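# Report on the structure
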Amino acid sequence: MEEEKQEKLPIDARLLSEAVIELNISRRSVGLYPSDHSITKESINRAYELLKKLFELRNSITLGIAKDILVIDEYTLDKKNPVFLEFALSLHEKGIASITFYSGLETEELISLHELITMRDGPTGKAFLERAEKKGLRHIRLDIIDLSKFNFMQEVFKPAGLETKLWEDYIYGLFEGKLADAEADAVIINIPPEEVAMFINSHVTEDTTGEAYDRVISTYLRRKGGIRSNKEIFEKFMSLISSLTPELKSEFLKRAFCQPRLDVEEIERTFAELKEEDIHKLFEAFKERSLSIPEGLLNVVAKLTEIRADSRVSSYLTGKGSSVIDDIEFDESILKLLGENYDAFVGEQYKKDLETMLKGIKVADVLMAESLRQECQEKTVDSTFSDTMLELLESDCVNDEAYLNLLTKFSELSNIFLETGRFSELCDIYNTLYSHSLTGRFKVQASGMIDYFYRSEQFISRLIDSFKLWGRYDREGSVKLARLLKQHLINPLLNTLSEEKDSSIRKYLLYLFSTIGSDVVPEAVRRLSDNRWYVVRNMLYILREAGGRKYLKQHLIQIKRLAEDKNEKICVEAVKTLLEIDSRIASSYLKQYLRSKNPELRQQAVMLSSVYKVRDVVPYLIDLLEKKDLFGTESYYKIPVVRALGDIGDSSAIDHLIKLYNSKSLLYKGVLDELKLEIFRNLQNYPQDAIMPLLELGIKSKNGEIKSISESLLSKIIAHRDKGNA
């Protein structure tokens, strides 16, 4: 069942950003220097350490790649950050749709991944995935771009024997109408237009339909939304046109701007960003192919550009290069006559009138029109209307009847704000009415509005639905409103949390409860007796995040009882809560878990011991480290134990680490070597004097990384001592 899936912990946004930045830096380093170069090692280690910190929050980190955007969970990383964009593109170019890093990741795996990404003319898509598997990336999972977006039968997807790159599959899917997902054609925009043109030139046959051209044209000129500017898309389209064969160039130009297929509004939006040179380039393309410029296109240009008096554009609009003059069509002989004797046939007044028409809309007017359009949007009008009415409520000239009319309007506006997730505006209305309900001549009316509207079951139910739909996009506003209505919201919101199937919504609701404050504690405590494990786990989380130590101590007995529950997820959450109260109380349960035969429970106990640095459990961690491993099944769990001991930094563990380092194994030498390396990676928190014997062993090691770590730590210790002696 969906609710039985363990919830992902919230991730540290700053830490994640730093990790992605270091991943991109290390990718560049691997592309420029050998893997054993100091610069490469340093950058890889920085990325590795940041990922290791993220693994303390959750066992795996998945980054989705949507063209040049990185996505984690339901959040999109900063689209304007050039580092994120570069890293996303480097993966997207290899046909990767998502990448997952798992706990236990090794630096060698990062190096291998970057070597594949930076390989010149390296594999893409499925071939990239196969190469990654051969590299042994055990703690990295790659998902490639899903070519199921194409509706094709295998025998007709592409000509037999034709080896194509990944992007060629997308062009073929678009050109042949095989794309199943409307978003997939956006991939075409990332492909050099010259390559698209080359593909089209070689694939057009006598059987190719006009619809095939229209699909390509729509991708460039009739795209809804997107992160690229209209000007950039238009320039790509013109590059495509210029690279087509003469026959195809004519066909594309005619079909792109002819009626009735011409989407005037879409073309207007595109042309509004263009410069004179861009329009001139388009007109020259028509002239080069001896094509008449479509009337609809001329109308758009005349409406939007301010540069019509310029000879290069005006010549087309006045008949020199076009068959249209002032909406009257002439044959070529008349055009030639007018072109040679223009001044003789056209009077001065008509020239002035024509010049005035050709000036078009001034830039200032266009900007003003855009400003007015923004101000006249429904959202802006509603907010302005609400602010005006709030000011009227404070006016002395408002009588009883007018006040009631205003309250009616506020109820209508509140419904609109509720449906569109505008929680800050709802807060403003509620706060104003609440202040009126406390004092003033409209106290009764304002109190009635609050009690019978904003605190009604119907409003609260609709508010919860709005939170689920819009809350993640306006966290600040939703938190403010939840705090205002918390007395009426807590119980139904907890019911919603208990029944919600969507994990992303559950995470948001848990976040909301963590901000409401201690008012949620009594109801959360009552629900600790619920027979659904995930409800109990969530209530423990809410108690820990919203209640604070004071309230946790008041319910210590109940929490200790849950630490002995049969469900391991409840046990772990209860012990995590006890650790917030007193690590000495929690350590007895951690010791019990560390002796458990349940490997998952042991692993969770090791993680909690590490995160909270519980010194009392060090002997039990050492027992796990020295546990006999005849079949190699315990080796996987010993690495986290070494890390936990390193985080705690208790010197009593050093002798046991030395013993482990000096041990030998014929059957599991690779695993043992990995464990020894982990010892040296986690020495920073131990007392300096305690680790000296290990470092003296390390500098003699044949393992390059162990030797490097030992030398680095020794130099720091010596420098520190010298500084102290000075």
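Conventions and cut-offs
- Residues numbered from 1 in each chain as written.
- Predicted model: local features only at pLDDT ≥ 70, side-chain atom pairs only at ≥ 80, totals over all residues.
- Heavy atoms only, no water.
- Helix = DSSP H or I, 4+ residues; strand = E, 2+ residues; numbered from the N terminus.
- Buried < 20%, exposed > 50% of the residue type's maximum accessible area, 1.4 Å probe, protein only.
- Contact = heavy atoms within 4.5 Å.
- Areas by Shrake-Rupley, 256 points an atom, 1.4 Å probe, with all protein chains shown as cover.
- Phe/Tyr/Trp six-rings, centres within 6.5 Å; stacked < 30°, edge-to-face > 60°.
- Lys NZ or Arg CZ within 6 Å of the ring centre and 35° of its normal.
- Axes fitted to C-alpha atoms, helices over the stretch in contact; angles between N-to-C directions.
- Parallel < 35°, antiparallel > 145°, perpendicular 65-115°, else oblique.
- Left-handed = near helix turned anticlockwise from the far one by under 90°.
- Nonpolar A, V, L, I, M, F, W, Y, C, P; charged D, E, K, R; others polar.
- Salt bridge = Lys/Arg side-chain N within 4 Å of Asp/Glu carboxyl O.
- Patch = residues over 30% accessible without salt bridge, like charges linked within 9 Å, V, L, I, M, F, W, Y side chains within 5 Å.
- pLDDT = per-residue confidence, 0-100.
- Expected span 1.5 Å × (residues − 1).
- Pairing = 2+ DSSP bridges.
- Arc of directions from axis to C-beta.

## Details of the overall build of the protein chain
- A tally of regular secondary structure across the protein chain gives 38 helices and seven strands.
- The buried share of the protein chain, reckoned over its 726 residues, is 47%.
- In the protein chain, once contacts between residues fewer than 6 apart in sequence are set aside, the share between residues at least 24 apart is 68%.
- Per element, the accessible surface of the protein chain, about 37,700 Å² overall, is 51% carbon and sulfur.

## Thoughts on the packing of aromatic side chains
- Taken as a whole and judged by the stated rule, the model has 10 aromatic pairs.
- Aromatic pair Tyr454 and Phe459: ring centres 5.3 Å apart, planes at 75°, arrangement edge-to-face.
- By relative accessible area, which is 3% here, Phe459 ends up buried.
- Aromatic pair Trp533 and Tyr534: ring centres 5.8 Å apart, planes at 85°, arrangement edge-to-face. Of the two residues, Trp533 and Tyr534, neither departs from the other in class, the shared state being buried.
- Counting every residue linked through ring pairs, the aromatic cluster contains Tyr430, Tyr434, Phe453, Tyr454 and Phe459.
- Over the ring of Trp533 we find Lys569; its NZ or CZ atom is 5.4 Å from the centre of that ring.
- Against the face of Tyr48 rests Arg681, its NZ or CZ located 5.3 Å from the ring centre.

## Observations regarding the packing of helix 20 (residues 400-419) against helix 22 (residues 443-454)
- Contact geometry for helix 20 and helix 22: axes closest at 11 Å, N-to-C directions at 25°. It follows from the interaxial angle that helix 20 and helix 22 lie roughly parallel. In this structure, helix 20 crosses over helix 22, and the sense of that crossing is right-handed. Residues Asp400, Tyr403, Leu404, Leu407, Phe410, Ser411, Ser414 and Asn415 of helix 20 form the contact with helix 22, whose participating residues are Gln445, Ala446, Met449, Phe453 and Tyr454.
- Broken down by class, the residue content of the contact of helix 20 with helix 22 amounts to eight nonpolar, four polar and one charged.

## Some remarks on the pattern of salt bridges
- Throughout the structure, instances matching the rule amount to 23 salt bridges.
- In this structure, the salt-bridge partner of Arg532 is Glu499, at a minimum N-O distance of 2.9 Å. Residue Arg532 is located in the loop between helix 27 (521-526) and helix 28 (533-554), and its partner Glu499 is located in helix 25 (residues 486-499); the two are separated by 33 residues in the primary sequence.
- Its relative accessible area of 25% is what places Arg532 among the partly exposed residues.
- A relative accessible area of 48% means that Glu499 is categorised as partly exposed.
- The salt bridge partner of Glu523 is Arg526, with a shortest N-O separation of 2.5 Å. With Glu523 and Arg526 both in helix 27, this residue pair falls three residues apart, about one helical turn.
- Taken together, the shared-partner salt bridges connect Arg643, Glu678, Arg681 and Glu705 into one network.

## Some remarks on unusual backbone geometry
- Unusually for a residue other than glycine, Lys613 sits at a positive phi of about 55°.
- As for its placement among the helices and strands, Lys613 is situated in the loop between helix 32 (599-612) and helix 33 (618-625).
- The class for Lys613 is partly exposed, based on a relative accessible area of 45%.

## Observations regarding the environment of Arg46
- Tracing the sequence through the fold places Arg46 in helix 2 (residues 38-55).
- Setting aside residues no more than four positions away along its own chain, Arg46 makes contact with Glu22 and Ile25.

## Focus: a nonpolar patch on the surface
- Together, Leu469, Trp470 and Tyr473 make up an exposed nonpolar region whose accessible area comes to about 370 Å².
- Among the structural elements, Leu469 can be located in helix 23 (residues 457-470).

## Some words on the confidence of the model for the protein chain
- For the protein chain, per-residue confidence averages 76 on the pLDDT scale, and 73% of positions sit at 70 or higher.
- Considering only residues more than four positions removed or in separate chains, one finds that residues 1-9, a stretch of pLDDT under 50, has 23 contacts.

## A look at helix 20
- The end-to-end C-alpha separation of helix 20 is 29 Å, in line with the 28 Å expected for 20 residues at 1.5 Å each.
- At the exit of helix 20 stands Gly421, carrying a positive phi of roughly 70°.

## Some points on the pairing of strand 4 (residues 96-102)
- The buried fraction of strand 4 is high, at five of seven residues.
- Pairing between strand 1 (residues 60-66) and strand 4: five bridges, direction antiparallel. Paired with Ser60 across the bridge in strand 4 is Tyr102.
- Here strand 4 pairs with strand 5 (residues 140-144) via five bridges, running antiparallel. Across the sheet, Ile99 pairs through a bridge with Leu142, a residue of strand 5.

## Digging into helix 22
- Under the 1.5 Å per step criterion, the end-to-end length of helix 22 is 16 Å for 12 residues, consistent within 8% with the ideal 16 Å.
- Listing the buried residues of helix 22 in full gives Gln445, Ala446, Met449, Ile450, Phe453 and Tyr454. Buried positions in helix 22, seen along its axis, are confined to an arc of 135° and lie on one side of it. In helix 22, the exposed positions angled more than 90 degrees off the buried face are occupied by Val444 and Tyr452.
- Tucked into the core, helix 22 has its buried residues touching helix 20, helix 21 (423-438) and helix 23.

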